[in-house]
Amino acid sequence: MILNTELEYKGNLSPTNIVSYKKNLDTLSFTSENNVVLQITVQRDSVLRIRYTTTGVFEKDFSYAITKYASRGYNFLEITEDKDNYIITTSKIICHVAKMDMRVAMYDAKDNMLICEDEIGFHWEESYEFGGNVVKMTKTAQEGESYYGLGDKPVDNNLKGKRFENWVTDSYAYKKDQDPLYKAIPFYIGLHHEKSYGIFFDNTFRADFDFCHERRNITSFWAQGGEMNYYFIYGPEMSDVVSIYTDLTGKPHELPALWTLGYHQCKWSYYPESQVTEIADKFRKLKIPCDALYLDIDYMEGFRCFTWSNEYFPDPKRMVKELADKGFKTIVIIDPGIKIDKDYSVYKEGLEKDYFCKRADGAYMKGKVWPGECYFPDFTNPEVREWWSDLFKELVEDIGVKGVWNDMNEPAVMDVPGKTFPNDVRHDYDGNRCSHRKAHNVYGMQMARATYQGLKKFSYPKRPFVITRAAYSGTQRYTSSWTGDNIATWEHLSIANIQAQRMCMSGFSFIGSDIGGFAEQPNGELYARWIQLGVFHPFCRTHSSGDHGDQEPWSFGPNVTDIVRKFIEIRYQLLPYLYTAFWRYANEGVPILKSLVLYDQKDPHNYYRNDEFIFGEKILACPITEPNAKGRRMYFPFGNWYDFWTNEVIEGGQELWVDADLDSMPIFVKEGAIIPKYPIQQYVGEKEIDELVLDVYYKSGEETSQVFEDAQDGYDYIKGRYSLRNFKLVGKEKSLIIQQYKSGKYITPYETIKIKFHGLPFKISKIQIDNEEKLFGDVKLNGDNTIVISKEFTELHIIT
Ligand code: MIG
């Protein structure tokens, strides 16, 4: 914005011709005649980092997003030049840098196909008001290109034709297509000619992305300050693009305790204690599994963080213990605003230590939130994070709270324009002092990080659990998240579906929505349909604003209660399956939910699908998102799929009608899959698992499956005490072989595995285990195509 019209207006500036270049190990620097430096760092064969400066020197390199654990190193690097270009070649990418104007183009190193090219490329506008530049990048969209990613945008899966902004924002009762929301994840994926790449624009300033919206064949992104600094990630498999991005910005630092994957119940607010107890008892009485209960802001004394309302919760330690005895973990909310109150210890300490954010001229950043006027810790200061983490000692160590919920950390401020801090607020930014323009998008992330540090410290030797509303790229290392204040409408049910998929393909898999809707009231049908979707989300919690009636599984009559119970029970049975998917996510960055395009990018039918998704590796699910439905049409990706309810086999590559009355939902299992199941428990750990069930879905051909287990909490798995079962299934016309290869030192509590065969095309007449023929008496061949065998088998051979 030009405020003084007498100033010279420079408009967009661009690099001119390259006059020199130098190479330093993995980094190349090109300098243009007008003093722009383009630095290209080869992070990996498939990852190039691209930075520009217009001053000849780079600012100190610092990022909250990039993890120190990111993989580095390449197999091949060659620099050549021709008449027009410098050419950087790795084993995956060929990168051209034009001598004339510094424009960059990326090619597939295997077949030379053009993947991504600059149109104008880098350009900038000087910022008179704030100094520095508005930094911009413009690329040509390739023919038929589709775009995905960007975190929590509540829009259809394919982003083509749309423009977005990244500016973390409290968005109560948001609408479809509203932008921006609570998260800033500046990572997108391009896909054309069946090849996929990703761009991670690691710039925390307010940033925009335009996918062929302003100009039909142009994709661009720009930010209001900072550096043009992005990572180009080449697949060509989209799943590789996502796991490489996740490797770069980090996988969860530890696996979640298994109970965190159970069902959670929340409301604004359950209080006083008697109401919490009543809710807990009702879950157990109605036999609806549940692992966690949440206390929203009213548990505190006047909304002061780290206090308890004496009136509503006179003895929190006793209550938390009593809940724990019934199998419930207590999770409490903690907001960033610290009440201005000279008698409040957290306020006094923050003030004494000078930990609160200040305005440009030194006044405190004062803002109204739930407690009234507040000051806000500067979580971008490592010392403040350390202090904050220590504040959790009593809550966790003494009172026994098992998880913390960070809300309002956009940061949200009431009754002010912009609903957040003004731009001039100062931040430490880990020693890179800056204004809120730069720190805004990471404020919530750093709060969640500080909370995580505290939970990790005081929960030890158990694993920490944190949930946050605001996030920037990389936040997935520390915490889970939910999609914020949605509404109890059918449209929002489908928004929740898309948002969860999008978050998963943006590296952030531990995600769920407020089941049933936060604002307004769902009817029983909507609530039941939402639970059906919710049990397939990595984070599964009912939450509501509570000012409109009840939203517990039993609030909608016995019919809905039974449906809700049935689906939550399915989730508990599938816990080892979900846990294995989580392990793959935490280890390899494989997203837990896979949109169809991510599952199979070769099938153009998938490019614009929103509803169907793959849960884990083998389960295809599709929610019903309309009232009065008896079923729906859905697209089946290629392959054969067993109907979860009937075992009917459906051939993929077509759209079909699927019946699904209110007590059902379209769920399918990939043929050849081996799906592990636990018995239904009312909470994780209620029962010792005395048998693992494996649902085996016959396939003519081969398929592999995995089951990961460990102590379900704690850190022993890191020292090798886990159990990983790798299965290979080979199905033939008259036989089925399952091979098991086991690794890890964890000894599972069960001795036997119960195998249930689905779709066997023959009648079992002979069973061999590890090459020894077994009598039916030994293996318990049951009438229902199930057998029980020792968990140690290495080869099971079923013959007709
Ligand atoms: O201004 O703590 O998104 O989950 O229940 C509202 C009260 C503050 C917003 C969160 C919601 C939570 C509510 N909070």
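It should be emphasised that the depicted structure is a prediction, and the values quoted were computed from it without experimental measurement.

### Comments concerning the overall build of the protein
Regarding its fold elements, the protein presents 13 helices and 51 strands. Taking 800 residues into account, the globule formula puts the C-alpha radius of gyration at 28 Å, and the protein, at 27 Å, falls close to it. Across its three principal axes, the protein shows a C-alpha extent of roughly 90 × 70 × 50 Å. Burial status across the protein gives 64% buried among its 800 residues. Within the protein, counting contacts between residues at least 6 apart in sequence, those at least 24 apart form 69% of the total. Summed over all atoms, the accessible surface of the protein reaches about 29,100 Å², with 47% contributed by carbon and sulfur. Looking at the protein, you have 95 positive and 115 negative side-chain charges, and the mean spots of the two groups are 3 Å apart.

### Some thoughts on the sheet that holds strand β39 (residues 649–651)
Spatially, the six strands line up as an open sheet ordered β34-β35-β36-β41-β38-β39, and their pairing is antiparallel. Because the sheet does not close on itself, it has two edges, and the strands there are β34 (593–595) and β39. Recorded for the sheet is a direction-independent mean angle of 35° between the axes of neighbouring strands. Across three bridges, the pairing between strand β38 (residues 640–643) and β39 is antiparallel.

### A few points about the nonpolar core
Counting residues in hydrophobic clusters, the biggest one holds 189 residues, and the most contacted among them are W388, F757 and L796. Discounting chain neighbours no more than four positions away, the residues touching W388 are F306, I334, D335, I338, P377, F379, M447, A450 and T451.

### Let's talk about the site of the ligand
In the neighbourhood of the ligand, 13 residues make up the surrounding shell, with D296, D407, R469, D485 and H543 lying closest. Between D296 and the ligand, the recorded distance is 2.5 Å, taken from a side-chain N or O atom to an oxygen atom. The fraction of the free accessible surface of the ligand (350 Å²) that becomes covered by protein chains is 94%. Split into classes, the residues belonging to the shell around the ligand amount to eight nonpolar, one polar and four charged.

### Here's the deal with the sheet that holds strand β31 (residues 511–512)
Spatial ordering of the open sheet is given by β31-β30-β28-β25-β21-β20-β19-β33-β32, a layout of nine strands whose pairing is parallel. Two strands lie at the open edges of the sheet, namely β31 and β32 (514–515), each paired on one side alone. Where strand β25 (residues 403–406) and strand β28 (residues 466–468) come together, three bridges link them in parallel fashion. The residue bridging V404 from the neighbouring strand is V466, located in β28. Sheet strands touched by helix α2 (residues 273–285): β19 (264–265) and β20 (292–295). Its angle to β20, the strand with the most contacts, is close to 160°.

### Details of empty space enclosed by the protein
Within this structure, the stated rule accounts for four cavities of 30 Å³ or more. Taken as a whole, the largest cavity spans an internal volume of roughly 140 Å³. Forming the boundary of the largest cavity are 16 residues, of which E254, P464, Y478, T479 and F510 lie nearest the centre. Grouping the constituent residues of the lining of the largest cavity by class yields ten nonpolar, four polar and two charged.

### Side note on unusual backbone geometry
The amide bond that connects D179 to the next residue, P180, takes the cis arrangement and shows omega of -5°. In this structure, the amide linkage connecting E410 to the following residue, P411, adopts the cis form with an omega of -5°. With respect to the helices and strands, the residue P411 is situated in the loop between β25 and β26 (426–427). Even without a glycine there, the phi angle at L25 is positive, about 50°. With respect to the secondary-structure elements, L25 resides in the loop between β1 (18–24) and β2 (27–32).

### Focus: the packing of aromatic side chains
Counted according to the given criterion, the structure contains 69 aromatic pairs. Measuring from ring centre to ring centre gives 6.1 Å for Y188 and F221, while their planes differ by 65°; the resulting arrangement is edge-to-face. Taken together, the positions of Y188 in strand β14 (residues 187–192) and F221 in strand β17 (residues 218–223) put the pair 33 residues apart, joining distant regions of the chain. Among the residues examined, Y188 registers a relative accessible area of 0% and is labelled buried. Given a relative accessible area of 0%, F221 falls into the buried group. Considering the side-chain rings of F582 and Y585, the 5.5 Å spacing of their centres and the 65° angle between planes classify their relative orientation as edge-to-face. Residue F582 and its partner Y585 are located together in helix α11 (residues 575–588), separated by three residues, close to a single helical turn. Given the relative accessible area of 1%, Y585 is considered buried. One aromatic cluster in this structure is built from F306, Y355, F376, F379, W387, W388, F392, F421 and Y443. Note that K99 overlies the ring of Y86, its terminal NZ or CZ placed 5.1 Å from the centroid.

### Focus: the layout of surface pockets
In this structure, the largest pocket spans a volume of roughly 660 Å³. Forming the boundary of the largest pocket are 34 residues, of which W259, K329, K462, V684 and D713 lie nearest the centre. Elements supplying a minimum of two residues to the lining of the largest pocket: α3 (316–325), β21 (329–334), α6 (393–399) and α7 (436–459). A total of three residues in the lining of the largest pocket trace back to one element, the largest contributor, which is α3. Here the residues of the lining of the largest pocket sort into 16 nonpolar, eight polar and ten charged.

### Remarks on helix α5 (residues 382–390)
Every buried residue of α5 is listed here: V384, R385, W387, W388 and S389. Taken together, the buried residues of α5 touch β21, β22 (338–339), α4 (345–352), α6 and α7.

### Some points on the side chain of N158
Note on placement: N158 falls in the loop between β11 (146–149) and β12 (163–166). Its relative accessible area of 4% is what places N158 among the buried residues. Reaching out from N158, the side chain makes a polar contact with the side chain of Y148 at a distance of 3.5 Å. In this structure N158 touches S146, Y147, Y148, Y607 and Y608, once residues within four positions along its chain are discounted.

### Overview of the packing of α5 against α7
At a closest axis distance of 8 Å, the pairing of α5 and α7 adopts a crossing angle of 45°. Taken as axis vectors, α5 and α7 run oblique relative to one another. Considering the relative orientation of α5 and α7, their crossing is right-handed. Residues R385, E386, W388, S389 and D390 of α5 form the contact with α7, whose own contacting residues are Q446, M447, R449, A450, T451, Q453, G454, K457 and F458.

### Some remarks on the pattern of salt bridges
Two side chains with opposite charge may pair up if their charged atoms get near one another. Inspection of the entire model under this criterion finds 59 salt bridges. Across the pair K457 and D390 runs a salt bridge, and its minimum N-O distance is 2.8 Å. Here K457, found in helix α7, pairs with D390, found in helix α5; they are 67 residues apart in sequence, far enough to count as distant. Take D390: its relative accessible area is 38%, and that puts it in the partly exposed class. Counted as one network, the salt bridges with shared partners bring together D170, D407, E410, R469 and D485.

Analysis parameters
Residues numbered from 1 in each chain as written. Predicted model: local features only at pLDDT ≥ 70, side-chain atom pairs only at ≥ 80, totals over all residues. Heavy atoms only, no water. Helix = DSSP H or I, 4+ residues; strand = E, 2+ residues; numbered from the N terminus. Rg over C-alpha atoms; globule rule 2.2 N^0.38 Å. Buried < 20%, exposed > 50% of the residue type's maximum accessible area, 1.4 Å probe, protein only. Contact = heavy atoms within 4.5 Å. Areas by Shrake-Rupley, 256 points an atom, 1.4 Å probe, with all protein chains shown as cover. Lys, Arg positive; Asp, Glu negative; His and termini not counted. Charge placed at Lys NZ, Arg CZ, Asp CG, Glu CD. Pairing = 2+ DSSP bridges. Axes fitted to C-alpha atoms, helices over the stretch in contact; angles between N-to-C directions. Core = buried A, V, L, I, M, F, W, Y, C linked by side-chain atoms within 4.5 Å. Near = heavy atom within 4 Å. Polar contact = N/O pair within 3.5 Å; in protein donor to acceptor, adjacent residues only side chain to side chain. Nonpolar A, V, L, I, M, F, W, Y, C, P; charged D, E, K, R; others polar. 1 Å grid on protein atoms, 1.4 Å probe; cavity = no way out; pocket = protein on both sides within 12 Å on 5 of 7 lines; lining within 4 Å. Points joined across faces, edges and corners; volume = space filled by probe spheres on them. Phe/Tyr/Trp six-rings, centres within 6.5 Å; stacked < 30°, edge-to-face > 60°. Lys NZ or Arg CZ within 6 Å of the ring centre and 35° of its normal. Parallel < 35°, antiparallel > 145°, perpendicular 65-115°, else oblique. Left-handed = near helix turned anticlockwise from the far one by under 90°. Salt bridge = Lys/Arg side-chain N within 4 Å of Asp/Glu carboxyl O.

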